[in-house]
Amino acid sequence: MGGYVALAFCERHPEMLDGVVLLSSTPNPDTPEKAENRRREIALVEAGKKEMLARVAPAAGFAEENRARMRDEIEDLTEQVFVTEDEGIVALLGGMIARRDQNEMLRTSKVPQLFILGRKDGYIPPEAAEKMVAEHPQAQVVWLENSGHMGFLEEPEITARALLDFMGTENEPESR
């Protein structure tokens, strides 16, 4: 939910920001279909079936061709679902359902903006991402050609370079 937090902060305190980055995030509210899917996920958690969510959600964040390579990261994310309190998961999903449309705020903001988007994102489909980019000509855009929703894990060097370039720093990203 970092993008949602960044948007809310940008709306309330733009004078405190040198820039805002949406990394696999969007200023759009949930579509009715997305909101309904989140309500179903909330119902699963409230019914004590969090493991069903844990088995599907983490892998779905990665481009299909990256899932085998990212197996350890997917296992870590799955474990995070299991150790997260049910109330926290419900609050997270509820927060995503309740978020407002922030498109106009971004369009009129003087804060520099960077969108980093995965071309193979299952949560923000390419058509929706392309539409968002077209509606925000004021934003810089970096496409991660081989990433899903977890581009910072799938293509970390390109993501780091985009962030460093946006911040105007010449530092090289640390390699792991």
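What you see is a predicted model, and the numbers here were worked out from it, not measured in a lab. Throughout, a residue's number is its position along its own chain's written sequence, starting from 1. pLDDT decides what is reported in this predicted model: residues at 70 or higher carry local features, side-chain atom pairs at 80 or more are listed and counted, and totals for whole chains, interfaces and linings draw on all residues regardless. Heavy atoms from the whole structure form the basis of all side-chain values; hydrogens and water molecules are not counted.

Student: Whenever I open this one, helix 1 (residues 2-12) confuses me. Can you help?
Tutor: Note: α-helices contain 3.6 residues per turn, so residues at a spacing of three or four share the same orientation. Where helix 1 is concerned, the buried positions are Gly3, Tyr4, Leu7 and Cys10. Seen along its axis, helix 1 keeps its buried residues to an arc of 125°; they face one direction. More than 90 degrees from the buried face of helix 1, the exposed residues found are Gly2, Val5 and Arg12. On its buried face, helix 1 is in contact with strand 1 (20-23), helix 2 (32-46), helix 5 (86-98) and helix 6 (103-108). Throughout this description, buried means an accessible area under 20% of the type-specific maximum (1.4 Å probe, protein chains only), exposed means over 50%, and partly exposed covers the range between. Runs of H or I in DSSP of at least four residues are treated as helices and runs of E of at least two as strands, each being numbered from the N terminus. Summarising the geometry, the arc corresponds to the directions from the helix axis toward the C-beta atoms. Residue contacts are defined here by distance: any two heavy atoms, one from each residue, within 4.5 Å place the two residues in contact.

Student: Just to check I follow, could you spell out the pattern of salt bridges for this structure?
Tutor: Any two side chains of opposite charge can pair if their charged atoms end up close together. Each reported salt bridge corresponds to a side-chain nitrogen of Lys or Arg within 4 Å of a carboxyl oxygen of Asp or Glu. The full count for this structure, using the stated rule, is 13 salt bridges. Two residues, Glu130 and Arg119, come together in a salt bridge whose shortest N-O distance is 2.6 Å. Of the two residues, Glu130 sits in helix 7 (residues 126-135) while Arg119 sits in the loop between strand 2 (113-118) and helix 7, which places them eleven residues apart along the sequence. Of the charged contacts, one joins Asp165 and Arg161 as a salt bridge, the two residues approaching to 3.0 Å between their closest N and O atoms.

Student: Where do I start with the pairing of strand 1 in this structure?
Tutor: Residue alternation in strand 1 divides its side chains into a buried set, Val20 and Leu22, and an unburied set, Val21 and Leu23. The criterion for strand pairing is that DSSP finds at least two bridges linking the strands in question. Relative to strand 2, strand 1 runs parallel, the two sharing four bridges. Bridge assignment links Val21 to a residue of strand 2, and that residue is Leu114.

Student: Help me understand the environment of Lys110 in this model?
Tutor: Along the polypeptide, Lys110 turns up in the loop between helix 6 and strand 2. Using a relative accessible area of 80% as the deciding quantity, one classes Lys110 as exposed. In this structure the C-alpha to C-alpha distance between Lys110 and Val90, which are 20 residues apart in sequence, comes to 34 Å.

Student: I'm lost on the nonpolar core in this one. Help?
Tutor: Considering soluble globular proteins, one finds that nonpolar side chains tend to be buried as a cluster. Take the buried Ala, Val, Leu, Ile, Met, Phe, Trp, Tyr and Cys residues and link them wherever side-chain atoms come within 4.5 Å; each set so joined is a nonpolar core. One finds Leu106, Phe115 and Leu117 to be the most contacted residues of the largest nonpolar core, which totals 15 residues. In terms of residues, this core owes the most to one element, helix 7, which gives three residues. Not counting the four nearest positions on each side in its chain, Leu117 is found in contact with Ser25, Ala129, Met132, Val133, Val142, Trp143 and Leu144. Counting residues in hydrophobic clusters, the runner-up holds nine residues, among them Leu53, Val81, Ile89 and Leu93.

Student: Would you mind going over the packing of aromatic side chains with me for this structure?
Tutor: Working definition: an aromatic ring pair is given by the centre-to-centre distance plus the angle between the planes. Note on ring pairs: Phe, Tyr and Trp rings are taken, using the six-membered ring of Trp, and paired if centres are within 6.5 Å. Classes follow the plane angle, with under 30 degrees stacked, over 60 edge-to-face and the rest tilted. Counted by the stated rule, this structure contains zero aromatic pairs. We call a charge positioned above a ring when the Lys NZ or Arg CZ atom is no farther than 6 Å from the ring centre and deviates by at most 35 degrees from the ring normal. Its guanidinium or amino end placed over the ring of Trp143, Arg119 lies 3.9 Å from that ring's centre, counting from NZ or CZ.

Student: Explain the environment of Lys50 to me, please; I cannot follow it from the model alone.
Tutor: Relative to the assigned elements, Lys50 resides in helix 3 (residues 50-60). Residue class for Lys50 comes out buried when judged on its relative accessible area of 11%. It is 33 Å that separates the C-alpha atoms of Lys50 and Cys10, two residues lying 40 residues apart in sequence. Every residue in contact with Lys50, bar those within four places of it in the chain, is listed here: Leu44, Val45, Val81, Phe82, Thr84, Asp86 and Ile89. A distance of 3.1 Å separates a polar atom in the side chain of Lys50 from the backbone oxygen of Phe82. By the criterion applied in these results, polar contacts are pairs of N or O atoms within 3.5 Å in which, for protein atoms, one can donate a hydrogen and the other can accept it, and in which residues neighboring in sequence qualify only through two side-chain atoms.

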